[in-house]
Amino acid sequence: MAEVRFKNINKVFNADITAVSGLDLEIKDKEFVVLLGPSGCGKSTSLRMLAGLETPTSGDIFVGEKKVNDMPAKDRDIAMVFQNYALYPHMDIYNNLAFALKLRRYSRDEIKKRVKEAADILGIGHLLDRKPKEISGGERQRVAVGRAIVRKPQAFLFDEPLSNLDAKLRVQMRTEIKKLHIKIKSTMIYVTHDQTEAMTLGDRVAVMKNGKLLQVDTPLDVYDQPANKFVAGFIGSPPMNFVEGILRKKDSSLYFLEKDGFQIKVPEQMQQRLENYIEKEVILGIRPENLYDKLFASYATVDNTIDVTCDVIETMGSQNHLYLTTKKHTIIAVVDASNKPAVGSRVEIVFDTKKIHFFDPSTEDTIV
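This report concerns the structure included in the present document. Not measured: the values here are computed from a predicted model.

The next thing to look at is the sheet that holds strand β5 (residues 66–67). Strand order in the open sheet formed by four strands is β2-β1-β4-β5, and the pairing between neighbours is antiparallel. Looking at which strands have only one partner, the edges of the open sheet turn out to be β2 (17–27) and β5. In this sheet, β5 lies alongside strand β4 (residues 58–63) in antiparallel orientation, the contact comprising two bridges. Residue pairing for β5: V63 is matched across the bridge by K66. Relative to strand β1 (residues 4–13), helix α1 (residues 43–51) is tilted by about 115°, and along the sheet it contacts β1, β2 and β4.

Below you can see the structure in the form of structure tokens.
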């Protein structure tokens, strides 16, 4: 096993399309890191450069102590699991698993041993005599993972491996991949645009946008302490609410005033970091689960409660998603299923002000 390092990696296509810009990222030995971001953010390109399928325009990539920029893909001791499984349709599952080992001239006994180990880990021992077309999508994905396991590489790379599966199978395979990491204790780098996969799988999550790395942290810290507005809005479902307004001081207290609308008192512990923004525009962010109907909130005050109209209710089983409007904004609240106001009714919504965030409207960086 080995650590992986990207040092100031840049990748430019056709001299004018920058896919990755200044990527600096260290992945520790046996760590599970997820590269997360929207389509076109550079996450798959970064993975392909590590695998040797693309060449960096500049910068260095290390696997362990070895610089691998100019090393052929087959010599990097890295295994990659692709989105489309990449199984050989004419071979049975046993030979799909064994193929890479045969190319490397392993003995028949060693191949048999490794294939059995991988099949036992993934629970596909009963499928070894079947062809890929004779097994399900989830089973094919297990075989694709098994082909990587048999090689016992220094690092495993996963390029959106679950995106072709239905919702139920995705949940199941997500659990299997997490168990696999715990069991084989290997370095794993996983690319996805699905934040649920990122939050549930990764030891750390690396969020990318437009080829740049915006934040690397534990899933909980990325969620609770986003570095900027993009990260705050990309992580979380439903996404964080954003409200534009101005900060104003009244009687030694600081208030956020929505334009032509409501006001919220800023907690004292946040006020010092906002001193430079008094009488300036800011963006307030709050997650839907940190908003409450006043009827169900014991700590409602005039300084943390606003009056809104309930426009739409989405029933989600144990929860309701309330779509609420102020004079200028639409905000979403996630509430208990028992809390179901009438559509079109006025609702008093309470902010958990300990959980609010503030962002600079120019840079979109987090202020608090």
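Think of it this way: side chains of opposite charge can pair up when their charged atoms draw near. Throughout the structure, instances matching the rule amount to 15 salt bridges. Here R48 makes a salt bridge to E54, at a shortest N to O gap of 3.7 Å. The residue E275 makes a salt bridge to K249 at a minimum N-O spacing of 3.3 Å. One end of the pair, E275, is in the loop between α9 (268–271) and β14 (281–286); the other, K249, is in strand β11 (residues 241–250), and 26 residues separate them in sequence. On the accessibility criterion, K249 (39% relative accessible area) is partly exposed. Among the charged side chains, a salt-bridge network with shared partners connects K11, R48 and E54.

This paragraph deals with unusual backbone geometry. Geometrically, the link from S237 to P238 is a cis peptide bond, its omega value of -5° lying close to zero. When you line up the elements, P238 lands in the loop between α8 (229–234) and β11. Even without glycine at this site, N8 takes up a positive phi of about 50°. By the element assignment, N8 lies in strand β1.

About the criteria used
Residues numbered from 1 in each chain as written. Predicted model: local features only at pLDDT ≥ 70, side-chain atom pairs only at ≥ 80, totals over all residues. Heavy atoms only, no water. Pairing = 2+ DSSP bridges. Helix = DSSP H or I, 4+ residues; strand = E, 2+ residues; numbered from the N terminus. Contact = heavy atoms within 4.5 Å. Axes fitted to C-alpha atoms, helices over the stretch in contact; angles between N-to-C directions. Salt bridge = Lys/Arg side-chain N within 4 Å of Asp/Glu carboxyl O. Buried < 20%, exposed > 50% of the residue type's maximum accessible area, 1.4 Å probe, protein only.

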